[in-house]
Amino acid sequence: MGRLFVVNLEGKVYSCKHCKIHLALVDDIVSKSFQSRHGKAYLFSKVVNVSAGEKEDRMMMTGLHTVVDIFCIGCGSIVGWKYEFAHEKGQKYKEGKSVLERFKVSGPDGSHYWVSHETHGGSDADDV
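The notes below deal with the structure included here. Bear in mind that the values here come from a model prediction, so they are computed numbers and not experimental data. (Residues numbered from 1 in each chain as written. Predicted model: local features only at pLDDT ≥ 70, side-chain atom pairs only at ≥ 80, totals over all residues. Heavy atoms only, no water.)

Let us now look at the overall build of the protein chain. Regarding its fold elements, the protein chain presents zero helices and 11 strands. Here the protein chain holds 128 residues, and 43% of them are scored as buried. Of the contacts formed within the protein chain by residues at least 6 apart in sequence, a portion of 50% connects residues at least 24 apart. A total of about 7100 Å² of accessible surface is found on the protein chain, and carbon and sulfur atoms cover 50% of it. (Helix = DSSP H or I, 4+ residues; strand = E, 2+ residues; numbered from the N terminus. Buried < 20%, exposed > 50% of the residue type's maximum accessible area, 1.4 Å probe, protein only. Contact = heavy atoms within 4.5 Å. Areas by Shrake-Rupley, 256 points an atom, 1.4 Å probe, with all protein chains shown as cover.)

Overall, antiparallel pairing links the three strands, which are arranged β2-β1-β10 in an open sheet. Looking at strand neighbours, the two that pair on one side only are β2 (22-25) and β10 (105-106), the edges of this open sheet. Across two bridges, the pairing between strand β1 (residues 13-16) and β10 is antiparallel. Across the sheet, serine 15 pairs through a bridge with serine 106, a residue of β10. (Pairing = 2+ DSSP bridges.)

Before going further, it helps to spend a moment on the nonpolar core. In terms of nonpolar packing, the biggest core is built from 13 residues, with Leu23, Phe44, Val47, Val79 and Leu100 touching the most fellow members. Among the secondary structure elements, those contributing two or more residues to this core are β1, β2, β4 (39-44) and β7 (63-72). When near neighbours in sequence (up to four residues on either side) are disregarded, phenylalanine 44 contacts Tyr14, Ala24, Leu25, Asp28, Ile29, Val30, Lys97, Ser98 and Leu100. Among the nonpolar cores identified, the runner-up in size contains eight residues, and Ala41, Leu43, Val67 and Val99 belong to it. (Core = buried A, V, L, I, M, F, W, Y, C linked by side-chain atoms within 4.5 Å.)

With that settled, the discussion passes to the environment of alanine 24. Relative to the elements of secondary structure, alanine 24 occurs in strand β2. In the structure, alanine 24 is positioned 11 residues away from valine 13 in sequence and 5.6 Å away in space, judged by C-alpha atoms. Sequence-distant contacts of alanine 24, defined by excluding residues within four places in its chain, comprise Leu9, Lys12, Val13, Tyr14, Phe44, Lys46, Val47 and Leu100.

Before going further, it helps to spend a moment on unusual backbone geometry. In the Ramachandran plot, lysine 20 falls in the positive-phi region, its phi being about 70° despite a non-glycine side chain. Secondary-structure assignment places lysine 20 in the loop between β1 and β2. Even without being a glycine, asparagine 49 presents a positive backbone phi close to 60°. Tracing the chain through its elements places asparagine 49 in the loop between β4 and β5 (50-52). For asparagine 49, a relative accessible area of 6% corresponds to the buried category.

Now for the packing of aromatic side chains. Here the structure, examined in full by the defined rule, presents three aromatic pairs. Ring centres of tyrosine 14 and phenylalanine 44 lie 5.6 Å apart, and the angle between their planes is 70°; this geometry places the pair in the edge-to-face category. One end of the pair, tyrosine 14, is in strand β1; the other, phenylalanine 44, is in strand β4, and 30 residues separate them in sequence. Each member of the pair, tyrosine 14 as well as phenylalanine 44, carries the same accessibility label: buried. An aromatic cluster is defined as three or more aromatic residues linked by ring pairs; in this entry it consists of Tyr14, Tyr42 and Phe44. (Phe/Tyr/Trp six-rings, centres within 6.5 Å; stacked < 30°, edge-to-face > 60°.)

Here's what the structure looks like:
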């Protein structure tokens, strides 16, 4: 395996809760009103230090999307997903953006978000 290049962000950052590697800046949050199977999730315009899985079509609360799961490059944990293609015209703004699941990342103050015991349907935004 090659050398691991890690981007260190400056400012208020969200990081992997397992290995603390930086993932995104607070300033890059597009929406905090997203929902995942595990609870709250935030949409970011830019994330770093992630690798992408295989493209797949997923039916979400707001329609069909082509997405890739994203993984922390530090420890390999899945931290969310990235929108590759939105099949609905009104959802095109999501393309190229990434969602980080709150329970999988630490907040800027080091806080963790705990998973509720409710089961949710397909992941997506409630309202943006």
